[in-house]
Amino acid sequence: MFLGIDTSLGTALAVIDPDGVVRAEVSSDNPLGHAEVIGDLLLTVTEAARTTAAHGSGLGADDDARITHVVAGMGPGPFTGLRIGIAAARAFALARGVPVVPVASHDAVALGVLLGSAMEDADAGTFAVVTDARRREFAYTVYRGLDDDGLPERITGPALSPRDELDDRLATLGAARMDASAIPATVLALCGARAVAAGRTIAADEPLYLRSPDVTSPHAPKRVGS
């Protein structure tokens with residue numbers, strides 16, 4: 001059972017089984033209230049997963065809905081919001097004694113696009129997942145199809161671009177623009193499940209921050225005169 005957690009945009013959590021069946025999903029669209037909602041959403045999604053398992057299988061909830069992996073959305077995202085989700089994922093995994101599976105948040109959007117295209121027997125072609133990075137910038141990652149493990153094949157990125165330059169950059173890459181306003185935790189968890197099944201690591205353990213934090217450690221204190 002895979003618990004997905006992402007706070008790169010809003011706050012999204014989901015529990016799926018290894019086949020991608022959704023056991024529970026919750027989210028908050030507030031891009032600034034991650035710390036206020038993450039605890040309640042985590043409790044809600046895990047309890048809902050247990051209830052779904054107990055009602056659907058005839059087994060005890062603890063037998064059928066035990067979390068075995070925590071999939072953490074690693075961004076790109078803003079410093080404060082992103083680290084809250086990653087910290088929650090790591091704390092939950094540590095308490096349960098299960099591994100954390102890092103996944104780039106844009107990969108979840110890309111996998112959703114590619115699965116949707118496959119359902120319609122269409123070719124998504126080369127496309128870029130684009131998210132608002134604020135400060136008149138966008139974050140983008142370019143993809144082309146699925147690899148042999150059923151994971152999005154990344155061509156370039158993630159990277160930052162000024163808003164006024166993004167469309168020209170994507171045109172040069174021959175990539176259609178796909179703007180995302182949310183990260184689907186269900187598909188994030190599915191990316192993690194496919195990576196585990198393939199024995200692969202598809203993202204680094206370090207967060208993909210959009211930029212350095214605004215608040216930094218102070219320099220040496222100034223000398224105060226008499």
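Going along each chain's sequence as written, the residues are numbered from 1 onward. With pLDDT at 70 or above as the cut-off, local features in this predicted model cover only qualifying residues; side-chain atom pairs require 80 or more to be listed or tallied, and sums for whole chains, interfaces and linings still use all residues. Neither water nor hydrogens contribute to the side-chain values; these are computed over all heavy atoms in the structure.

1. As for the overall build of the protein
Turning to step 1, where the next piece is worked out: If you tally the helices and strands in the protein, you get six helices and nine strands.
Turning to step 2, where the next piece is worked out: The buried label applies to any residue whose accessible area, calculated with a 1.4 Å probe on protein chains only, is under 20% of its type's maximum; exposed applies above 50%, and partly exposed to all values in between. Of all 226 residues assigned to the protein, the portion counted as buried reaches 46%.
Turning to step 3, where the next piece is worked out: Here the contacts in the protein between residues at least 6 apart in sequence split such that 66% fall between residues at least 24 apart.
Turning to step 4, where the next piece is worked out: Accessible surface for the protein amounts to roughly 11,700 Å². Of this, 51% is attributable to carbon and sulfur atoms. Think of it this way: any DSSP run of H or I at least four residues long counts as a helix, any run of E at least two long counts as a strand, and we number them from the N terminus. Should any heavy atoms of two residues lie within 4.5 Å, those residues are counted as being in contact. A 1.4 Å probe and the Shrake-Rupley method give the accessible areas. Residues count as covered only by the protein chains that appear here.

2. So, the nonpolar core
Turning to step 1, where the next piece is worked out: Phe2, Val71, Val103, Phe127 and Val129 are the most contacted members of the largest nonpolar core, which totals 26 residues.
Turning to step 2, where the next piece is worked out: For this core, the element with the most residues is helix H6 (residues 185-198), which contributes seven residues.
Turning to step 3, where the next piece is worked out: We call a set of buried residues a nonpolar core when its members are Ala, Val, Leu, Ile, Met, Phe, Trp, Tyr or Cys and they connect through side-chain atoms within 4.5 Å of each other. Of all hydrophobic cores here, the second largest spans 23 residues; its members include Ala24, Ala49, Ala72 and Ala89.

3. Examining the pattern of salt bridges
Turning to step 1, where the next piece is worked out: A pairing counts as a salt bridge when a side-chain nitrogen of Lys or Arg comes within 4 Å of a carboxyl oxygen of Asp or Glu. On inspection of all chains with the given rule, the structure shows nine salt bridges.
Turning to step 2, where the next piece is worked out: A salt bridge links Glu165 to Arg169; its shortest N-O distance comes to 3.2 Å. With Glu165 and Arg169 both in helix H5 (residues 163-173) and four residues apart, the pair spans about one turn of that helix.
Turning to step 3, where the next piece is worked out: Its salt-bridge partner being Arg177, residue Asp167 comes within 2.8 Å of it at the nearest N-O pair. Remark: Arg177 occurs in strand S9 (residues 176-179) and Asp167 occurs in helix H5; sequence separation between them is ten residues.
Turning to step 4, where the next piece is worked out: Given the relative accessible area of 45%, Asp167 is considered partly exposed.
Turning to step 5, where the next piece is worked out: Three or more residues are tied together by salt bridges with common partners; here these are Asp147, Asp149 and Arg200.

4. Here's the deal with the layout of surface pockets
Turning to step 1, where the next piece is worked out: Of the pockets and cavities examined, the second largest pocket occupies roughly 150 Å³.
Turning to step 2, where the next piece is worked out: Cavity: a set of points on a 1 Å grid over the protein atoms alone where a 1.4 Å probe fits but cannot get out. Pocket: an open set with protein on both sides within 12 Å along at least five of seven lines, its lining residues, like those of a cavity, having an atom within 4 Å of a point. Looking at the second largest pocket, it is lined by 16 residues, and the ones nearest its centre are Thr11, Ala12, Ser27, Ala182 and Ile183.
Turning to step 3, where the next piece is worked out: Taken together, the elements giving at least two residues each to the lining of the second largest pocket come down to strand S2 (11-16) and strand S3 (22-28).
Turning to step 4, where the next piece is worked out: No other element matches the four residues that S3 contributes to the lining of the second largest pocket. Grid points are joined across faces, edges and corners, and a volume is the space filled by probe spheres set on the points.

5. Description of the packing of aromatic side chains
Turning to step 1, where the next piece is worked out: In summary, the pairing rule links any two rings of Phe, Tyr or Trp, Trp by its six-membered ring, whose centres are within 6.5 Å, and it sorts them by plane angle into stacked for under 30 degrees, edge-to-face for over 60 and tilted for everything else. Applying the stated rule across the entire model yields two aromatic pairs.
Turning to step 2, where the next piece is worked out: Taking the centre distance of 4.7 Å and the plane angle of 50° together, the rings of Phe79 and Tyr209 count as tilted. Of this pair, Phe79 sits in helix H3 (residues 79-96) while Tyr209 sits in the segment after H6, placing them 130 residues apart in sequence.
Turning to step 3, where the next piece is worked out: By definition here, charges over rings are those cases where NZ of Lys or CZ of Arg is within 6 Å of the ring centre and within 35 degrees of the ring normal. If you follow Arg163 out to its NZ or CZ, it ends over the ring of Phe138, 5.3 Å from the centre.
Turning to step 4, where the next piece is worked out: Between the NZ or CZ atom of Arg177 and the centre of the ring of Phe138, over which it lies, the distance is 4.8 Å.

6. Details of the sheet that holds strand S4 (residues 69-73)
Turning to step 1, where the next piece is worked out: If DSSP finds at least two bridges between two strands, the strands pair. Taking strand neighbours across the sheet as the criterion, the five strands line up as S3-S2-S1-S4-S5 in an open arrangement whose pairing is mixed. Edge positions in the sheet fall to S3 and strand S5 (100-103), since each of these pairs with one other strand and no more. When the angles between neighbouring strand axes are averaged without regard to direction, this sheet yields 15°.
Turning to step 2, where the next piece is worked out: Examined bridge by bridge, S2 and S3 share six bridges and lie antiparallel to one another. Each bridged residue has a counterpart across the sheet, and for Val15 the counterpart in S3 is Ala24.
Turning to step 3, where the next piece is worked out: All axes here are fitted lines through C-alpha atoms, helices being fitted over the stretch that makes contact, and every angle between N-to-C directions spans 0 to 180 degrees. Set on the sheet, H3 makes contact with strand S1 (2-6), S4 and S5; between it and S4 the angle comes to about 170°.

7. Let's talk about the pairing of S1
Turning to step 1, where the next piece is worked out: The buried count for S1 comes to five of five residues, which makes it a mostly enclosed element.
Turning to step 2, where the next piece is worked out: Here S1 shows two buried faces, one formed by Phe2, Gly4 and Asp6 and the other by Leu3 and Ile5.
Turning to step 3, where the next piece is worked out: The pairing of S1 with S2 spans five bridges and is antiparallel. Directly across from Leu3, in S2, lies its bridge partner Val15.
Turning to step 4, where the next piece is worked out: Taken together, S1 and the strand that follows it, S2, pair antiparallel across an intervening segment of four residues.
Turning to step 5, where the next piece is worked out: Two elements, S1 and S4, share four bridges in a ladder whose sense is parallel. Counted as the bridge partner of Phe2 is His69 from S4.

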